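This is what each chain is made of:
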Amino acid sequence: MPELPEVECYRTLAEARALGRPIESVHAPDGWYLKRGTDARRLEAALVGQEFLAGRRRGKLLMLDVGAAPGEPDLVLGLRFGMTGRLVVDGSAGVDRLLYSTSSEDVRYDRFGVQFGDGGTLVVRDPRRLGGVELDPDLDRLGPDALSVTLAELRHALADRVAVKARLMDQSRLAGVGNLIADEILWRAGVAPERLAADLPAASVRRLHQHLVSGLADLIERGGSHTGDLQPHRRAGGRCPRDGAGLAHATVGGRSTWWCPKHQR
Ligand SMILES: [Zn+2]
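On a predicted model such as this, the values are computed, not experimentally measured, just so you know.

What counts and how
- Residues numbered from 1 in each chain as written.
- Predicted model: local features only at pLDDT ≥ 70, side-chain atom pairs only at ≥ 80, totals over all residues.
- Heavy atoms only, no water.
- Phe/Tyr/Trp six-rings, centres within 6.5 Å; stacked < 30°, edge-to-face > 60°.
- Helix = DSSP H or I, 4+ residues; strand = E, 2+ residues; numbered from the N terminus.
- Buried < 20%, exposed > 50% of the residue type's maximum accessible area, 1.4 Å probe, protein only.
- Lys NZ or Arg CZ within 6 Å of the ring centre and 35° of its normal.
- Domains from an automatic or database assignment.
- Contact = heavy atoms within 4.5 Å.
- Buried area = accessible area lost by both parts, 1.4 Å probe.
- Salt bridge = Lys/Arg side-chain N within 4 Å of Asp/Glu carboxyl O.

Please clarify how the packing of aromatic side chains should be interpreted in this entry.
Note on aromatic pairs: each is described by the distance of the centres and the angle between the planes. All chains considered together, the criterion is met by two aromatic pairs. For the pair F52 and F116, a centre-to-centre distance of 6.2 Å together with 90° between the ring planes defines the contact as edge-to-face. Taken as a pair, F52 in strand β2 (residues 51–58) and F116 in strand β7 (residues 110–116) lie far apart in primary sequence, 64 residues in all. The two residues F52 and F116 agree in class, both being buried. For the cation-ring pair, R242 lies above W187, with the distance from its terminal atom to the ring centre recorded as 5.0 Å.

What follows is the structure, encoded as structure tokens:
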């Protein structure tokens, strides 16, 4: 599913292929997919005749600056990808294969798109329809981006007596970490997912911060959130690829969680 690394790939795709192309028309056939008061008419009024000026990202939210002149965006188009959404520009996707997603190229799943004056398109294709599109997305509800979070910001995000994994996945505290990435980062950092966040020693928070930033960069480089070292072992009978201990499994923060009871403390 699209987590931070996938959305970063979509951002790269949008930056490389979608900027500076005048928008000729808007395709928004699914009213349910338009969020927070955004509707097809508003989208058309906001986008037609304009260009995408830049692609930015906060967590799993992709933001395309929209305007007529570089450096002066008039508004921001926010795209969320839910469980199965992909960004497709001129027919090619930013990520070839998504875990849990159908590989379908069926245009029935096109929830939103624009056509450029040159005939090309930018489309959000989302079989399960859990993503969404909105104008000027509200960033107040999103914590700092997990790829660029500072140690102080992470410390602040973890200042509660709640399972550390639950806090890492709370998008209002830290934006971009989903279930697979949380397990991978905690495994890399040697921190048990059920540890209370506020009780973590300073050294563990530092280690978590280091592995969060480097681990995310690693997963972006490898091409997605499902490419982690722990990922193939997250199953019954799975063993820790670092020390061979049998992995533990429980529901933490409402999500299926795998960890190594030997080196994660
Ligand atoms: Zn281990």
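In this structure, what is going on with the domain arrangement of the chain? I would like to understand it.
One frequently used descriptor of interface size is the decrease in accessible area upon assembly of the parts. Its domain assignment divides the chain into domain 1 (4–140) and domain 2 (143–259). Computed over C-alpha atoms, the centres of domain 1 and domain 2 are 28 Å apart. In this assembly, 10 residues from domain 1 lie in contact with 19 residues from domain 2. Summed over both partners, the interface of domain 1 with domain 2 buries about 1,200 Å², with 63% contributed by carbon and sulfur atoms. Counting across the interface, domain 1 meets domain 2 through one salt bridge. In this structure, R57 engages D145 in a salt bridge whose closest nitrogen and oxygen atoms are separated by 2.5 Å.

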